[in-house]
Amino acid sequence: MPQSSPPVLPSLASRARVREEALYRPRHVVLVGDPAEPVAQVLARNLAAGGFQGRLFAVGLTPPGFEPVAEIADLPEAPDLAVLAVPPERLEAAMMALGARGAQAALVPGAAPDLAGIAARSGVRALGQGSFGICVPALGLNASLSHLQPRKGRLALVCQSSALARAVLDWAEAENVGFSHVIGIGGNADLGFAHALDWLSRDPGTGAILLDLRRIKNRRQFISAARAAARTRPVVAIRAGGRLDDRSGTSDAVMEAALRRAGVLRVSGLDDLLSAAETLARVRLSPRGGRGDRIAIVSNATGLGQLAADAVLAGGARLAELPPEAMASLAALLPPGWSGRNPITLGPLTGTALGEAAAMLAVLQQVDAVIAVHAPVHGEDATTIAAALAAAAKATRAAPVLVCWAGQATAEPQRVALAKAGLAVFPTPEGAVRGALHLWHDRANRLAAAELPGREVLALTPDRAAVAAILAGARAAGRLELTEDEALAVLAAYGMPVVPGRVARDAEEAVAVAGALGFPVVLKLRSPDITRKTEVGGVALGLRNAEELRRAAAEMLETVRARRPAARLEGFLVQCQAPRGEELRLHLGEERMFGPFLGFGLGGTAADLLGDEAFDLPPLNQALAGGLIARSRAAKLLAGYRDHAPANMDAVEKALVRLSQIAVDFPEIQRIGVNPLLANAEGVLALDASCILRPAGERAFLAIPPYPEEWVSRWETPAGETLLMRPIRPEDAAALGEFFKRLTPEDVRWRFFSQLRELPPQQIARMTQLDYDREMAFVAVQRRPDGAEDLLGVSSLIREFNKEKGEFAVVVDRQMKGQGLGRALMGRLFDWARAEGITTIEGQVLADNAPMLAFVKRLGFSVKRSAEDDEIYDVWRTAEPA
């Protein structure tokens, strides 16, 4: 069954669905204004001038182009959208009246204390406070504070800053860039980014989305909605003030990691945002594969071409390797005696050659993007050159062509003409390269977010009871910070190798412990008041015998008492001396906007000075852990150098996965630091760790929902074989592809409404990488003798935007038909739907799929032929037991 909603179903009216249409596709708009409010006149002017296709009403104002109404209650039609330009003290009364009249949504451009509460009480959902407004140029709707009318186009802007919105719109007008939507979130008090992104992700008129992020209200909803949008179009984000909030840069880096996880491209400033907008609004994304970082440069000027090449290499991309046959084809366009490769210089008076060369380069499989660079030349026919470039840029099934037309006095009119022709055109070589790099990074981000991992799943068998006892013991002692040995014990309970060690009350007991462990040993001070022991002389390494240990213990106590006389001393921790290896740091922390995060980088006592830390969000699988490691500087050291053998990367990845699982299982933990984690060819070893708990009653909320282990169950076939029935996971990608290949052509057509020969990787990713808060898929699994798993059936339920209903699909392997597996899989969907508050389950069935029609009737579904397609039946039932 397809994953789209049936067009006509029985009455399942959802106010949330109506609100969505009312806000972004209104038929009737009312402006409720106060003449004393300055924004009222701006809103009235923009609404009247936009050419709105519906009815415009005004309450409290009599602007031209509106139907004046004395009171909200007197409105002749229930307004879909209300625009409120009233003082804060009148806002609640106005929204209550609008709710009583049947209004669905509101824009609040001014101050609005307790807007979320007012929206809840009135039943009218709102954008604001401080909303820039909303523009939908295709509808002629301009309910915004803009100083101009946005053009119609395929770019969407979702912003919190009104000033940034005006700056982008002003730039867009000059550049001939149009918009599908401009949505002002404002203070994000009620409706926010997730709502807007959910709408835009399903809008066929939106080709790319720009985000201005300041405050995320619900981290999980935002990540979910952003990921859904980024699956089908580029999404680019900017954040102002990130460094002001956190001078260390951690908060900013965590946001970038969160956006990367969702497939969103983060840019660093307004210049980058406008460059991305220029590129994404005009460039036709290549349908070809490839990494996207192979760039070819052709220019009519050597120096400018070389500047472009420098920018490509500085940006981490590659100059495309052009094959000999390609160079031979280009020979007729090259100046005599030219023997270079890439960048290619044609000479100053090129005529149409610049466009012809760009077109020839764009069709090469070795090229992901082409930069065509032009410098003004006396006596040239600029119009002819521009026409050739436009033709090259519009070629189908070719790499995108970005143009640099350098200069200003004579170049600006040509850039305007090229922009009107739909080309991405820039005034500098570096700007054009930046646009190509945005395409590459966007592609890389979205591919990484949908990457198919291998089959292997790290089987964790943690001793959760032991960890719970350690945490409870610390709280009972009045502590939120664990001792080092307690923190290491938490890691050990999750299977992370830790250095052997034991606690000793005094020096003599430390000697006895060292004798049991075996010399050489490390001696560490044990104190709840001293976190960084090395800074007060609290660590002694390489102690070879009892005499050295006693002397070290005495010196350590003397030094610490002198430096920290008030510190409580609780004996020593004696550990085995660690082998040689690279020192790493693992870090579980929390960022205010996106919650718990994982950090990884170089460790040791100089870790803070080295500043090497890459970030990601839990939960992690091993593939994501590998990506996190690769983004750190430590990755090069772990690969081996000089006399250092490569480290065991599998062990490092698994250590990160284990730390991630601790974050999932124990949300009462606020912070864990592992420094150093020693890594060598043999594996990893945690040498030191710290752990801080949250105050009693506080728990973390992950931005990404973890794998729902609680929904794993077993099902017995009529023949007595036990199958595992569990939620699908990303590592099922290969098994799902194999399952699809075993389906009959008829089953494929019935399930997907088309004759697919194989599932594309993008669709496999979509079906296995779920947001468990909004969708679920259960698989029936049979384990092979070699330990691999076969899927024998799949059922799925995708929650609709309003969360009250969901669309189902189910298919089973031919060998399992008639054994009750389909009913069992559907039963698990019903259980999950009820737990999630979904009231109605619906779907579509092809009219010739008699077995499925009979099956759903037995399950209690109602069946009705679709009003829009005679070959389809709409089916529905409640989620309650039939």
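Anything mentioned here points back to the structure above.
Residues numbered from 1 in each chain as written. Predicted model: local features only at pLDDT ≥ 70, side-chain atom pairs only at ≥ 80, totals over all residues. Heavy atoms only, no water.

**Here's the deal with the pairing of strand 29 (residues 689-693)**
Moving on, step 1. Judged by how many residues are buried, strand 29 sits mostly within the fold: four of five residues are covered.
Moving on, step 2. Inspection of the sheet shows strand 27 (residues 669-680) paired to strand 29 by five bridges, in the antiparallel sense. Residue pairing across strands places arginine 671 opposite isoleucine 692, the latter belonging to strand 29. (Buried < 20%, exposed > 50% of the residue type's maximum accessible area, 1.4 Å probe, protein only. Helix = DSSP H or I, 4+ residues; strand = E, 2+ residues; numbered from the N terminus. Pairing = 2+ DSSP bridges.)

**Looking at the sheet that holds strand 11 (residues 208-213)**
Strand pairing in a sheet takes place through backbone hydrogen bonds and is either antiparallel or parallel in direction.
Moving on, step 1. Spatially, the seven strands line up as an open sheet ordered 8-7-10-9-11-12-13, and their pairing is mixed. Among the strands making up the open sheet, the edge pair consists of strand 8 (141-144) and strand 13 (265-266).
Moving on, step 2. Here helix 5 (residues 162-175) sits on the sheet in contact with strand 9 (152-159), strand 10 (179-184), strand 11 and strand 12 (235-239), set at roughly 160° to strand 10.
Moving on, step 3. The sheet strands contacting helix 10 (residues 270-282) are strand 9, strand 11 and strand 12, and the helix crosses strand 12 at an angle near 165°. (Contact = heavy atoms within 4.5 Å. Axes fitted to C-alpha atoms, helices over the stretch in contact; angles between N-to-C directions.)

**With respect to the side chain of glutamine 160**
Moving on, step 1. Along the chain, the position of glutamine 160 falls in the loop between strand 9 and helix 5.
Moving on, step 2. Owing to a relative accessible area of 11%, glutamine 160 belongs among the buried residues under this scheme.
Moving on, step 3. Within the structure, glutamine 160 has its side chain in polar contact with the backbone nitrogen of arginine 214 (distance 2.6 Å).
Moving on, step 4. Separated by 2.7 Å, the side chain of glutamine 160 and the backbone nitrogen of arginine 215 make a polar contact.
Moving on, step 5. Not counting residues within four places of it along the chain, the set of residues in contact with glutamine 160 comprises Ile185, Gly186, Gly187, Asn188, Phe193, Asp212, Leu213, Arg214 and Arg215. (Polar contact = N/O pair within 3.5 Å; in protein donor to acceptor, adjacent residues only side chain to side chain.)

**So, the packing of helix 7 (residues 219-230) against helix 9 (residues 250-262)**
Moving on, step 1. One can describe the packing of helix 7 onto helix 9 by two numbers: an axis separation of 8 Å at closest approach and a directional angle of 45°. For the element pair helix 7 / helix 9, the angle class is oblique. Residue-level inspection shows Phe222, Ile223, Ala226, Arg227 and Ala230 of helix 7 in contact with helix 9, the latter providing Ala258, Leu259, Arg261 and Ala262.
Moving on, step 2. Looking at the contact of helix 7 with helix 9 residue by residue, the class counts come to seven nonpolar, no polar and two charged. (Parallel < 35°, antiparallel > 145°, perpendicular 65-115°, else oblique. Nonpolar A, V, L, I, M, F, W, Y, C, P; charged D, E, K, R; others polar.)

**Focus: helix 10**
Moving on, step 1. An ideal rise of 1.5 Å per residue puts 18 Å on 13 residues; helix 10 measures up with 18 Å between its terminal C-alpha atoms.
Moving on, step 2. Burial within helix 10 is extensive, with ten of its 13 residues counted as buried.
Moving on, step 3. Inspection of helix 10 places Asp272, Leu273, Leu274, Ser275, Ala276, Ala277, Glu278, Thr279, Leu280 and Arg282 among the buried residues, and these make up the whole buried set. (Expected span 1.5 Å × (residues − 1).)

**Comments concerning the pattern of salt bridges**
Moving on, step 1. Across all of its chains, the model carries 57 salt bridges by this definition.
Moving on, step 2. Linking arginine 532 and aspartate 608 is a salt bridge whose minimum nitrogen-to-oxygen distance equals 2.9 Å. One end of the pair, arginine 532, is in the loop between strand 21 (521-525) and strand 22 (539-543); the other, aspartate 608, is in helix 21 (residues 607-610), and 76 residues separate them in sequence.
Moving on, step 3. Look at aspartate 608 and you get partly exposed, because its relative accessible area is 45%.
Moving on, step 4. For arginine 742, the salt bridge goes to aspartate 813, with nearest N and O atoms at 2.8 Å. Of this pair, arginine 742 sits in helix 25 (residues 733-742) while aspartate 813 sits in the loop between strand 34 (805-812) and helix 28 (821-835), and the two are 71 residues apart along the sequence. (Salt bridge = Lys/Arg side-chain N within 4 Å of Asp/Glu carboxyl O.)

**Points about the packing of aromatic side chains**
What characterises a pair of aromatic rings is the spacing of the ring centres plus the angle enclosed by the ring planes.
Moving on, step 1. Under the counting rule described, the total for this entry stands at ten aromatic pairs.
Moving on, step 2. Aromatic side chains phenylalanine 808 and phenylalanine 861 sit 5.0 Å apart centroid to centroid with 40° between the ring planes, which places their arrangement in the tilted category. Of this pair, phenylalanine 808 sits in strand 34 while phenylalanine 861 sits in the loop between helix 29 (850-858) and strand 36 (862-865), placing them 53 residues apart in sequence. The same class applies to phenylalanine 808 and to phenylalanine 861, which are both buried.
Moving on, step 3. Three or more aromatic residues joined by ring pairs make a cluster, and in this case those are Phe193, Phe222 and Phe594.
Moving on, step 4. Its end group placed over the ring of phenylalanine 752, arginine 751 keeps NZ or CZ at 4.5 Å from the ring centre.
Moving on, step 5. The ring of phenylalanine 830 has arginine 877 lying over it, and the distance from NZ or CZ to the ring centre is 4.1 Å. (Phe/Tyr/Trp six-rings, centres within 6.5 Å; stacked < 30°, edge-to-face > 60°. Lys NZ or Arg CZ within 6 Å of the ring centre and 35° of its normal.)

**Considering the environment of glutamate 535**
Moving on, step 1. Position of glutamate 535 among the secondary structure elements: in the loop between strand 21 and strand 22.
Moving on, step 2. Judged by relative accessible area, which is 52%, glutamate 535 ranks as exposed.
Moving on, step 3. Residues glutamate 535 and valine 560, spaced 25 residues apart in sequence, show a C-alpha to C-alpha distance of 9.7 Å.

**Observations regarding the nonpolar core**
Moving on, step 1. Grouped together as the largest cluster of nonpolar side chains are 113 residues, with contacts concentrated most on Ile134, Leu141, Leu211 and Phe222.
Moving on, step 2. Residues in contact with phenylalanine 222, not counting those within four places in the same chain, are Phe193, Ala194, Leu197, Leu211, Leu213, Ile216, Leu259 and Phe594.
Moving on, step 3. Of all hydrophobic cores here, the second largest spans 54 residues; its members include Phe778, Leu791, Met816 and Ala879. (Core = buried A, V, L, I, M, F, W, Y, C linked by side-chain atoms within 4.5 Å.)

**Considering the sheet that holds strand 23 (residues 572-576)**
Moving on, step 1. In space, the four strands of this open sheet follow the order 20-23-21-22, with antiparallel pairing throughout. Bordering the open sheet on either side are strand 20 (501-504) and strand 22, each of which pairs with just one other strand. When strand polarity is set aside, the average angle formed by the axes of neighbouring strands in this sheet is 20°.
Moving on, step 2. Pairing of strand 21 with strand 22 involves three bridges; the strand directions are antiparallel. Along strand 22, the bridge assignment pairs lysine 524 with valine 539.
Moving on, step 3. Helix 19 (residues 507-517) contacts strand 20, strand 21 and strand 23 of the sheet and is inclined by roughly 160° relative to strand 20.
Moving on, step 4. Across the sheet, helix 20 (residues 546-563) lies against strand 21, strand 22 and strand 23, angled at about 20° from strand 21, the strand it touches most.

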